[in-house]
Amino acid sequence: MPEINNIADKISKQLPLQLTAFLKQAGVTAAANGEGLYLVGGVVRNLLLGKSNLDIDLVVEGDAIAFSQKLADEAGCKITTHKRFNTANIDWYGWSIDITSARLESYSHPGALPDVKPGSIEDDLLRRDFTINAMAAGLSPQGFGRLIDLYSGQKDLESRLIRVLHDKSFIDDSTRIWRGLRYEQRLNFSIEAETLRLLKRDIDGLDGISGDRIRYELECILAEKQPEKVLQRAAELGLMVKLHPSLEGDGWLADMFTRARKLSSPKKPSISLYMALLTYNLEEGEKEQFISYLKLPGAIAQSLGDSSIIKSRMPKLASAGLKKSDVYHLLRGYNRDALKASLIAADSEAVHRSIQLYMDKLCNIKPQLTGNNLMDMGIPEGPQIKKMLNKLLDARLNGEAKTQKEEERLVKEFL
Ligand code: CTP
């Protein structure tokens, strides 16, 4: 295909009408200020690939916050600013538009956050991860849609290659290793040979990256349509051990993730469910290391911990002659994603049935009589009430009491 040097028609055709109008107006405002404004990164890549993209990144050759404020005032829309990073986000009818100042970055040492100075769009493209993400399109009225492709990103899109811009890219920012795998698997591209050599050379740079940043990368992977493809590729390249030495990205995991999608359909599985499956075969202590390294939030940590407890109960859940009330008490109170992960990973048919039964039915069962009703019937306030309520619950679970009348009969027998 011949190279394109203007994507104005793609912008108009592929982005919603209102959004295109907003971008045109933004270009006019920037030009009136004597500033260049550009669409950059993922949105340009996706427009060239014919995919829609509603997360819009803009770069202005000037002060991003002052410019965004002006734009928001003109358009009468909501703006959030981050002074520390000199960035702003505009909410335009539900579309999220990130605006940053064009900048020149340098790294004092590997893994450090970059030193940042104001720069041109060319400087800004040079600091980016891959050629396919290092293209920009002008938004000024004179050059609306003009493509800036200094590193042959278009050619790489055509050859389906993920390629870094220079040989220190992974040293400057090791998280690009995970990003590279994510794009490769999402787009069904290949990491270009020299880039792959650099990636392997620089893998140990990941040891210097904070757990928070790695967690963010892992969350991005788990938000992909088929995260298992990225994890399998990571295992192949010896990257899984960077998350935890005992983690694997194998066929078993792929199978579990596929089942998680079926179970969660039409929604996507939650990050917490994927995390519980990813770490399912780790020992308890190993899970704790993983949780503290990645600083996982409480609810996710809970789903990992609860999965271990449920796993340890599986022999009991598999035993013959289990009453429904036994199943209930073995599974009661655990995190929903931990239950789902256990349901997916259980290899015994009996365990699977018990967990399914608990999640579908048992967890919602309650006796109809309340503590007050029991006191009215003559049970004295105190531990007896709790004991009776538990008896009623078990009777309900096991089908021994189906109506309020039957519950009352059991209370009378007890009295
Ligand atoms: N970027 C980079 N290095 C990083 C992170 C981001 O160079 N470590 C640049 C890339 O140019 C990227 C842009 O910032 O295109 C925006 O980053 P992000 O929103 O993470 O990615 P998108 O390209 O928008 O891709 P996605 O489809 O995954 O959202």
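Residues numbered from 1 in each chain as written. Predicted model: local features only at pLDDT ≥ 70, side-chain atom pairs only at ≥ 80, totals over all residues. Heavy atoms only, no water.

1. Some points on the site of the ligand
Thinking step 1. Neighbouring the ligand are 15 residues; Arg-45, Asp-129, Asp-173, Arg-179 and Arg-186 lie closest to it.
Thinking step 2. Contact between the ligand and Asn-133: an oxygen atom at 2.9 Å from a main-chain N or O atom of the residue.
Thinking step 3. Side-chain polar atom of Arg-179 to an oxygen atom of the ligand: 2.9 Å apart, as the coordinates give it.
Thinking step 4. For the ligand, whose unbound accessible area comes to 570 Å², protein coverage reaches 75%. (Near = heavy atom within 4 Å. Polar contact = N/O pair within 3.5 Å; in protein donor to acceptor, adjacent residues only side chain to side chain. Areas by Shrake-Rupley, 256 points an atom, 1.4 Å probe, with all protein chains shown as cover.)

2. Notes on the packing of helix H13 (residues 271-278) against helix H15 (residues 298-312)
Thinking step 1. At a minimum axis distance of 9 Å, the contact between H13 and H15 shows a crossing angle of 40°. Taken as axis vectors, H13 and H15 run oblique relative to one another. Crossing of H13 over H15 shows right-handed handedness. Mapping the contact onto sequence places Ile-271, Ser-272, Met-275 and Ala-276 in H13 and Ile-300, Ser-303, Leu-304 and Ser-307 in H15.
Thinking step 2. When its residues are assigned to classes, the contact of H13 with H15 shows five nonpolar, three polar and no charged. (Axes fitted to C-alpha atoms, helices over the stretch in contact; angles between N-to-C directions. Helix = DSSP H or I, 4+ residues; strand = E, 2+ residues; numbered from the N terminus. Parallel < 35°, antiparallel > 145°, perpendicular 65-115°, else oblique. Left-handed = near helix turned anticlockwise from the far one by under 90°. Contact = heavy atoms within 4.5 Å. Nonpolar A, V, L, I, M, F, W, Y, C, P; charged D, E, K, R; others polar.)

3. What to know about the packing of aromatic side chains
Thinking step 1. The tally for this structure, following the rule as stated, stands at seven aromatic pairs.
Thinking step 2. Centre to centre, the rings of Trp-92 and Tyr-93 are 4.8 Å apart; their planes meet at 80°, and the pair counts as edge-to-face.
Thinking step 3. Judged by relative accessible area, which is 13%, Trp-92 ranks as buried.
Thinking step 4. Ring geometry for Phe-257 versus Tyr-274: centroids 4.3 Å apart, planes at 35°, classification tilted. (Phe/Tyr/Trp six-rings, centres within 6.5 Å; stacked < 30°, edge-to-face > 60°. Buried < 20%, exposed > 50% of the residue type's maximum accessible area, 1.4 Å probe, protein only.)

4. Re the sheet that holds strand E8 (residues 136-138)
Thinking step 1. Pairing is mixed across the open sheet formed by seven strands, whose spatial order is E3-E4-E5-E2-E1-E8-E9. At either end of the open sheet lies a strand with only one pairing partner, and these are strand E3 (78-82) and strand E9 (147-148).
Thinking step 2. For strand E1 (residues 37-40) and strand E2 (residues 55-60), the ladder comprises three bridges, and the chain directions are antiparallel. Its bridge partner lying in E2, Leu-39 is registered against Leu-58. (Pairing = 2+ DSSP bridges.)

The values are spatial; any link to function lies outside them.
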